[in-house]
Structures are given as C-alpha cells and as structure tokens.
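Residue-level structure breakdown
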Amino acid sequence: MAKIMKYLGEFKMAVAAIILLLIVQAYCDLALPSYTSDIVDVGIEQSGIENAVPVIVRENTLEGICLFAEEEDEAFIRDHYRQNGDGNYELQDDDKETIASLEEIMSVPMVMVSMLSQMPAGDTFTKEQALLMKRQILDQYGEELSDMIVVQMAVMSVKAEYEALNLDVSAMQTEYLLTVGSKMLLMTVFMMSASIAVGFLAARVSAGIGMRLRNRVFRKVVSFSHAEMDKFSTASLITRSTNDIQQVQMVAVMLLRMVCYAPILGIGGIIKVAHTKTGMGWIIAVAVGVILLLVGTLVGIAMPKFQLMQTLVDKMNLISREILTGIPVIRAFSREKYEEKRFDKANKELMSTQMFTNRVMTFMMPVMMFIMNAIAIAIVWFGAKGIDLGNLQIGDMMAFITYSMQIVMSFLMLTMVSVMLPRAGVAAERIEEVICTEPSIVDAEQTEDERVEGKGRLAFENVSFRYPGAEEDALSHITFTVCPGETTAVIGSTGCGKSTLLHLIPRFYDVTGGRITIDGMDIRLLSQKKLRSLLGFVPQKGVLFSGTIASNIKFAGENIVSDEMMKDAAEIAQAKDFIENKQEGYFSPISQGGTNVSGGQKQRLSIARAIAPKPKIFLFDDSFSALDYKTDALLRKELHEKTADAAVIIVAQRISTILHADQIIVLDDGRIAGIGRHEELLQSCEAYQEIARSQLSESELKGGR
C-alpha cells in the first residue's frame, strides 16, 4: 500500500484535483436525499409551505396570534410584520434565523387561532384568559404533542390562512416542487460532471504510473548483468513488467475513484444522519461494526492466497514460455502429452487459488447485501414507530435510509478495494524488487576511458571467477595475452568454462580474482560503453531483432555504421550473396527472433553485425558451428585479411575452425591445460590430443605432427 501511495505521490496535482472533484461529487450526492425529503415532507405533505410562519396574514389572524403569545414574543412578532394597503400584514424579514425564531414563537399560537376559529362566534378573550387556555391545553396534551406535530399543525393553519386570503396554494406547491426539482437536476449534473472528470484524471494517473513503472523496470533490466538476469528468470521479469504493473494500475484507479471517495461520502453521510435527529444512529453503528468484522476476517483468510497467486502466475508463464519455445524438441520426442500434463498441473494450481479467493469474495457480496437490506428493514421498522408517534416525517425517514445506504456503500467500496490491495501490494513489492536491485556490474566512479590507446591488446592476469552462490571457481588462475592482428582460440570439453571466459571480457560478469586489461588498463576502470565499443561480440546463438537486414547489421547505430561499412561487413561474413538475392536486398524484413531466415543466415548476419563497427577485439562464442565448412573457411579467411589489425578470440568446438590460430588455449575444468599452436599442442597437451583424436582422422593427426 505504501508503495502504491508513493507512485500516486508522483502525480500530486492530478491527485489533488481528483480529491477536490470527489468532494464536489460527494456534496452533490449527499444533497440529493435532503431534497427528496423536502419534496415529500414540504412539497407534498405541506403543499409547498416550508414553515409555520405565514408570509402574509390577515389582521384578525395576526391579532389572534399575538393574543396567545407572551408579551415579549408579541413585540417580536409585531416588529417583523407590516400592514400593506389591503389591510393585511406582510412579513418583512425572511432570513433563516428570523424565520426559525418566529416559527418557534408562532407555532402554538397559530394552532390556537385555528382551534379558536372552530368555536362559536362572539366569544372573546382577554390576553390573560388566552394564555391560561394555551397553558391548560399544553398541560393536557403536552406528552402527545411533539414539536414536529405542533409545527405540522401550524403549517396546516398557514395553508388555511392562505386559502382564506384567496392565494393559489396549488401554484405555490407547484413552484416549490419545480424549484427543488431544478436544484436536484443541477446537483445531478454537477455530480455527473465531477464523476466524469474524476474518471478521466484517474485513468491518466493510472496510465502514467504504468508507463513510468514499465520504463523504470525496462531501464533497470537493461542495466542488469548476467548475475541479475540469473536471479530473476525471464518469465518472472515478463510477469513483473506486465501482469504486476497492470495490477498496480487497476488498484490505482480504484484508489482514486473509490477509496478516496468512500471516506468523504461516509463521513458526509454520518454528519447528515446526525442532523436528521431520528434517534436511529445506533443502527448505522451496529452495521458498520459488523462490516468491519466481516472485512477483517475475509482479508485475513484471503491475504496468503493473494500472495501465492503471483508466484503461481510466474510459474505458469515460465512453463508456457518453455513449452512454446521448445515445441520442435517436444514434437521430436513425442512429449506432447507429458508437457500437457505439466502445463495442466500448473494451470490447475493457479485456478484452485483463484477459485478460493473468488469464493471468499463471492461470499462477501451477499453478506454485504444482507446487511444493507437488514439496515433498510430496521430503519423502516423503527422509523414507522417514530412517524406514528409524530417524532419523524416520512421524508426524513427516506433520507435516513438513503444516507444509511451511502454510508454502508462507502464501506462496501473500501471492502472491495481492500480485497484487491493484498494482490496489488504483492505486485508492487515484486516491481520494487526489480527497480531496487542494484546491478553488480557498474562503472567506476572515476573512469579512465581517455587513457586507452585503442590498439586492442587484451590480457588475462591470473583471472579467477566464481558464479554467485557457487562453491567452486568456474575459472581458476587464467593467464594469457591476445595481441592485435592475432587469432586466439579457446577449446575444451563441454562445461569447462569457455563461454564463461569470453563473457568476462565485455563484463557480463566481473572477475572474482585477478584482472583483465586492454592496452594495460583494467577493464573495470573503463566505462561499459567505452569497453563494449572496443568489442565485437557474437553469441553462441544468433539473435536478430525485428526490423530489416540493414537495421540489424547497423545495430551499433546509424551514426557509427555507414552503408559502405554495412556492405563490407556483410561481404566478410559471407552474407552478401543471400542478401542481394532477396527482392528488397538490405531492406528485406526480419521477423522477431529472425524466424524468417535459416540458422546459418542468422549466424552470418550476427557476425556481420559484430564486424560492421570495426571493433579492436572480436569475440566469437562458438559462432561458426552453424556454418558449413566451406563458408566457415571463407569467412575466417576474409576476416583475417580485412581485420588484420584486430585481436580475435574464438571459442570453438571444432578443431578445424582453429587449426590456423596463432594461439590455442585448452581449458580443462576451468584451468588452462595448454597454450600453443595446433602442432605444438598435439605433441604436448594430452587434453588437446583427446579432442583431436575424436575429430580428426589419423592422416590429419600425423599431418599436424
């Protein structure tokens, strides 16, 4: 959660705007039930008459009201009414405070005047008698007459007074309903506009978070050495870059649209409920307590499963990727059924976990709905009693139900998101794990790029290397020198450390002992960019990128590799003929992974890509194995002639590839078993002799000697 909030913190202005819009939306949402209550209580029940204070009143009615009012109250009433030309009295001040004071003073007198109008004519009262009568009636019916009943009776008296004055009460009612309805419509428009704006901004913030996280993850992964790539599997990195970031994006939207809105709506609803004075607030308190208990229980049950789910998604991706990339081998060995079972097992594990969490969430929704309906029933039950006793109006009860639903819905929204937060939290942790992982291969604080002469003299000085977590060295005490213009070959049995040795040169890994120098400079003192600009690396497995042949050969950069250099590199790599035979030549498309060219063509294009920028040192990691003997020989001849000033290191399995190397290094279990030319090693190195006997004929062996 903290990490997701940190991501949102990068969009402070947008988040602040969203919160302001949510406050507007909540204000409008909370205003609607009050207007509904007014329509029912005032517009319908009270015929649009808002209070017990008549705007205009006949003289005899006003005198009657004053007769039943206390001395100081009578003065207050007379101060606020003035006689007009018709002999009637009109209210002078209509501010809320004055109206409230007048209503409190005039309600009972208005009822008394209404009762008096039903008595036989001719009876007169002194003020003392009127006040005594009022007190006697209040003493007799005081327990039955609540303030609300008195006010409603007074409102009916005001209505009767308006009718006696020949005022159109129906028109007043219609005007009131239209006014309140217009306000409701306006509030609805504001609420809808605010909701649309929140959705738009939340989507932009979420998309921005996703874009930034993908950029950070990608930049970090690109900076990883082989050690970090070994730590995070490719399948896991893909999951973290896609599924995990999608989880964070989805929760970010919900946080902005629901989690921020829920407390605003809930607190506003509680404030509104407190002002309704229905005495039913305890129903909300009980419901909220039950909801919190339910949410806490369900989240506690579901949390471990959500944490497990992302691991199972990783596993699914790993198996899927492995099966899809290995389909030819799977078919060749008729292992389809076995792989289907392996995939099915991982699929079912993920499904069972998802089913468990879905069941938990499915259980929660009906329980929440039950709580909401139970609240509505309780409010209607106790509200009906309040209405019967005259303590509550129908509109107030309707508003209370609406506010209660809004409060419960706010908790429901929080609950829905709280269920998703654990999984998003796990996803955020996994993303941060990648972003916070520091590459083990970094540039020195003070690089010495300018001190490199650029001749290309490479030296291993007592180099040892051990893989992270391994118990033994993969390479031990390796010492040799490669001079410009010379070809050095590395050969040995499978797993002896040939590729590992080559990977130390471009710093895919760093040595754990000794040092590697170029022109006498430790490569760790060079920037990675400078170091790799001196190298032309061809991996064991040719890798091409989607684009064209030209874009792949010019992979070092258009500003570094010209068209002429590209064509020269293609000619040296023996790729010129098949390129020019294509209809679009160098602009022929290359599909992802180079699947639309053969293995040999892919390898030759990989070699051309390494040759094109004219590096000082060539590194070939068994790069000629996909070539036939004729192409292999022609390529090495061209390479020797046209790159005579460069140092060449070839890792090879075939002795025929390295027969004419200036120096052959024989590795055996991570150590140098022999160094020399082919003829010398045939006489002095037993490990080399074993390799030679397995690949060369007797005549070739004798010829070598």
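Residues numbered from 1 in each chain as written. Predicted model: local features only at pLDDT ≥ 70, side-chain atom pairs only at ≥ 80, totals over all residues. Heavy atoms only, no water.

1. Re the overall build of the protein chain
Scanning the protein chain for helices and strands turns up 26 helices and 15 strands. The C-alpha radius of gyration computed for the protein chain amounts to 44 Å, which surpasses the reference 27 Å derived for 705 residues by more than 25%, pointing to a less compact arrangement than a globule. Along the first, second and third principal axes, the C-alpha atoms of the protein chain reach 150 × 50 × 50 Å. Put simply, the protein chain has 705 residues, and 48% of those count as buried. Accessible surface, the protein chain: about 35,800 Å² in total, of which carbon and sulfur atoms supply 57%. Computed over 68 positive and 86 negative side-chain charges, the inter-centroid distance for the protein chain is 14 Å. (Helix = DSSP H or I, 4+ residues; strand = E, 2+ residues; numbered from the N terminus. Rg over C-alpha atoms; globule rule 2.2 N^0.38 Å. Buried < 20%, exposed > 50% of the residue type's maximum accessible area, 1.4 Å probe, protein only. Areas by Shrake-Rupley, 256 points an atom, 1.4 Å probe, with all protein chains shown as cover. Lys, Arg positive; Asp, Glu negative; His and termini not counted. Charge placed at Lys NZ, Arg CZ, Asp CG, Glu CD.)

2. Quick look at the pairing of strand β7 (residues 513–518)
In this structure, strand β4 (residues 458–465) lies alongside β7, joined through five bridges in antiparallel fashion. Paired with E461 across the bridge in β7 is R515. Relative to strand β8 (residues 521–522), β7 runs antiparallel, the two sharing two bridges. Bridge pairing in β8 places T517 opposite D522. Connecting the antiparallel pair β7 and β8 is a turn made up of two residues, with D519 showing a positive phi of about 55°. (Pairing = 2+ DSSP bridges.)

3. What to know about unusual backbone geometry
For N166, which is not glycine, the phi dihedral falls at a positive 65°. Checked against the element boundaries, N166 lands in the loop between α7 (147–164) and α8 (169–223). The phi angle at Q574 is positive, at roughly 60°, despite the residue not being glycine. You can see Q574 is positioned in the loop between α19 (563–572) and α20 (576–580).

4. Regarding the sheet that holds β8
Ordered by their spatial adjacency, four strands build an open sheet running β5-β4-β7-β8, and the pairing between neighbours is antiparallel. Each of the sheet's edge strands pairs with one partner strand only, and the pair in question is β5 (475–482) and β8.

5. Quick look at the sheet that holds strand β1 (residues 56–57)
Here we have three strands laid out as an open sheet, ordered β1-β3-β2, and antiparallel in their pairing. Every other strand in the sheet has two partners, leaving β1 and β2 (81–83) as the edge strands with one partner each.

6. Overview of the environment of A2
Relative to the elements of secondary structure, A2 occurs in helix α1 (residues 2–9). Between the alpha carbons of A2 and G425 there is a distance of 8.4 Å; along the sequence they are 423 residues apart.

7. Examining a nonpolar patch on the surface
On the surface, W282, V286, V290, W381 and F382 cluster together into a nonpolar patch covering about 530 Å² of accessible area. Secondary-structure elements contributing two or more residues to the nonpolar patch are α12 (281–325) and α14 (336–389). When residues in the nonpolar patch are grouped by element, the largest group, three residues, is from α12. Along the chain, V286 falls in helix α12. (Patch = residues over 30% accessible without salt bridge, like charges linked within 9 Å, V, L, I, M, F, W, Y side chains within 5 Å. Salt bridge = Lys/Arg side-chain N within 4 Å of Asp/Glu carboxyl O.)

8. Re the packing of aromatic side chains
The full count for this structure, using the stated rule, is seven aromatic pairs. Judged by centre distance (4.9 Å) and plane angle (80°), the rings of F465 and Y467 are edge-to-face. Pairing F508 with F537 gives two aromatic rings, centres 5.4 Å apart and planes at 85°, and the pair type is edge-to-face. One end of the pair, F508, is in the loop between α16 (498–504) and β7; the other, F537, is in strand β9 (residues 535–538), and 29 residues separate them in sequence. Look at F537 and you get partly exposed, because its relative accessible area is 24%. An aromatic cluster of at least three residues, connected via ring pairs, comprises F465, Y467 and Y509. Directly above the ring of F11 sits R212, whose terminal nitrogen or CZ lies 4.4 Å from the centroid. Here the guanidinium or amino end of R609 rests over the ring plane of F555, the centre of that ring lying 5.9 Å away. (Phe/Tyr/Trp six-rings, centres within 6.5 Å; stacked < 30°, edge-to-face > 60°. Lys NZ or Arg CZ within 6 Å of the ring centre and 35° of its normal.)

9. A look at α19
Considered for burial, the residues of α19 that qualify are M565, M566, A569, A570 and I572. Buried positions in α19, seen along its axis, are confined to an arc of 160° and lie on one side of it. Close packing links the buried residues of α19 with α18 (549–553), α20, α21 (599–611) and α22 (629–642). Where α19 ends, the next residue or the one after it, Q574, has phi of about 60°, a positive value. (Arc of directions from axis to C-beta. Contact = heavy atoms within 4.5 Å.)

10. Brief notes about the state of the cysteines
Inspection of the entire model under this criterion finds zero disulfides. Free cysteine: C260, not disulfide-bonded; nearest cysteine sulfur from C28 at 18 Å. (Disulfide = S-S within 2.5 Å.)

11. Some words on the pairing of β4
The buried count for β4 comes to six of eight residues, which makes it a mostly enclosed element. The pairing of β4 with β5 spans five bridges and is antiparallel. Of the residues in β5, the one forming a bridge with A459 is T481.

12. As for the confidence of the model for the protein chain
Low-pLDDT stretches of the model should not have their predicted coordinates read in fine detail. Looking at the protein chain, pLDDT values average 83 and 93% of them are 70 or higher. By mean pLDDT, helix α26 (residues 698–704) is the weakest element of the protein chain at 61, and β4 is the strongest at 93. (pLDDT = per-residue confidence, 0-100.)

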